[in-house]
Amino acid sequence: MGKLTTPDWILKGGKKPVKKKEKGIFKIRKCPKCGSDKVSVVLGAEEGNGNGEWECKKCKWSGKNISMDYVSEEEFMKYLDEKGEEVA
Ligand SMILES: [Zn+2]
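The following paragraphs examine the structure supplied in this document. (Residues numbered from 1 in each chain as written. Predicted model: local features only at pLDDT ≥ 70, side-chain atom pairs only at ≥ 80, totals over all residues. Heavy atoms only, no water.)

### Structural notes on the pattern of salt bridges
Pairs can form between side chains of opposite charge whenever their charged atoms are close. Overall, the coordinates contain three salt bridges when judged by the stated rule. Asp69 serves as the salt-bridge partner of Lys30, at 3.2 Å between the closest nitrogen and oxygen. With a gap of 39 residues between them, Lys30 in strand β1 (residues 26-30) and Asp69 in strand β5 (residues 67-71) connect regions that are remote in the sequence. Its relative accessible area of 26% is what places Lys30 among the partly exposed residues. The exposure class of Asp69 is partly exposed, given its relative accessible area of 30%. Notably, a salt bridge pairs Lys57 with Glu55, separated by 3.7 Å at the nearest N-O pair. (Salt bridge = Lys/Arg side-chain N within 4 Å of Asp/Glu carboxyl O. Helix = DSSP H or I, 4+ residues; strand = E, 2+ residues; numbered from the N terminus. Buried < 20%, exposed > 50% of the residue type's maximum accessible area, 1.4 Å probe, protein only.)

### Structural notes on the packing of aromatic side chains
Throughout the structure, instances matching the rule amount to two aromatic pairs. Between Phe26 and Phe76, the ring centres sit 4.8 Å apart and the planes meet at 15°, which makes this aromatic pair stacked. Of this pair, Phe26 sits in strand β1 while Phe76 is found in helix α2 (residues 73-86), placing the two residues 50 residues apart along the sequence. Note on Phe26: relative accessible area 24%, which makes it partly exposed. Taking the relative accessible area as the measure of exposure, Phe76 reaches 16% and is therefore buried. A connected cluster of aromatic rings, assembled from ring pairs, spans Phe26, Phe76 and Tyr79. (Phe/Tyr/Trp six-rings, centres within 6.5 Å; stacked < 30°, edge-to-face > 60°.)

### Brief notes about the coordination of the zinc ion
The protein atoms donating to the zinc ion are Cys31 (SG), Cys34 (SG), Cys56 (SG) and Cys59 (SG), with metal-donor distances spanning 2.3 to 2.4 Å. Around the zinc ion sit four donor atoms; with metal-centred angles ranging over 107 to 114°, the donor geometry is tetrahedral. In terms of primary sequence, the donors binding the zinc ion are separated according to C-x2-C-x21-C-x2-C. Separated by 28 residues along the polypeptide, Cys31 in the loop between β1 and β2 (39-42) and Cys59 in the loop between β3 (53-56) and β4 (62-63) bring together distant segments of the chain. Residue classification places Cys31 among the buried positions, given a relative accessible area of 2%. (Donors = N, O, S within 2.8 Å, 3.2 Å for Na, K, Ca; no water. Tetrahedral: all angles 85-135°; square planar, octahedral: opposite > 155°, others 65-115°.)

### Thoughts on the side chain of Asp37
With respect to the helices and strands, the residue Asp37 is situated in the loop between β1 and β2. It turns out Asp37 is buried and unbridged, and the closest side chain with the opposite charge, Lys38, is 4.6 Å from it. A polar atom in the side chain of Asp37 sits 3.5 Å from the side chain of Tyr79. Contact partners of Asp37, with chain neighbours within four places excluded, come to Arg29, Lys30, Tyr79 and Lys83. (Lys, Arg positive; Asp, Glu negative; His and termini not counted. Polar contact = N/O pair within 3.5 Å; in protein donor to acceptor, adjacent residues only side chain to side chain. Contact = heavy atoms within 4.5 Å.)

Nothing here speaks to function; it is geometry throughout.
Encoded structure:
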């Protein structure tokens, strides 16, 4: 004679708990002027005023209003792949 046990999630309202996996959101920074991703942060460009400045290696743009792309992990990996071929 078996004894059936009611799962805890049924006792607590009948909703089966689902482990929700957060979808990774990856940021790709791009130059707002030419759209190149060859941007890097400028460190200590000016004393006390060099925080958060970005510079484009391609068109020499610099500033704070960097352009951002939000992509999935898959797209980001693809982006890194493509980028990896260009960087020596
Ligand atoms: Zn640029």
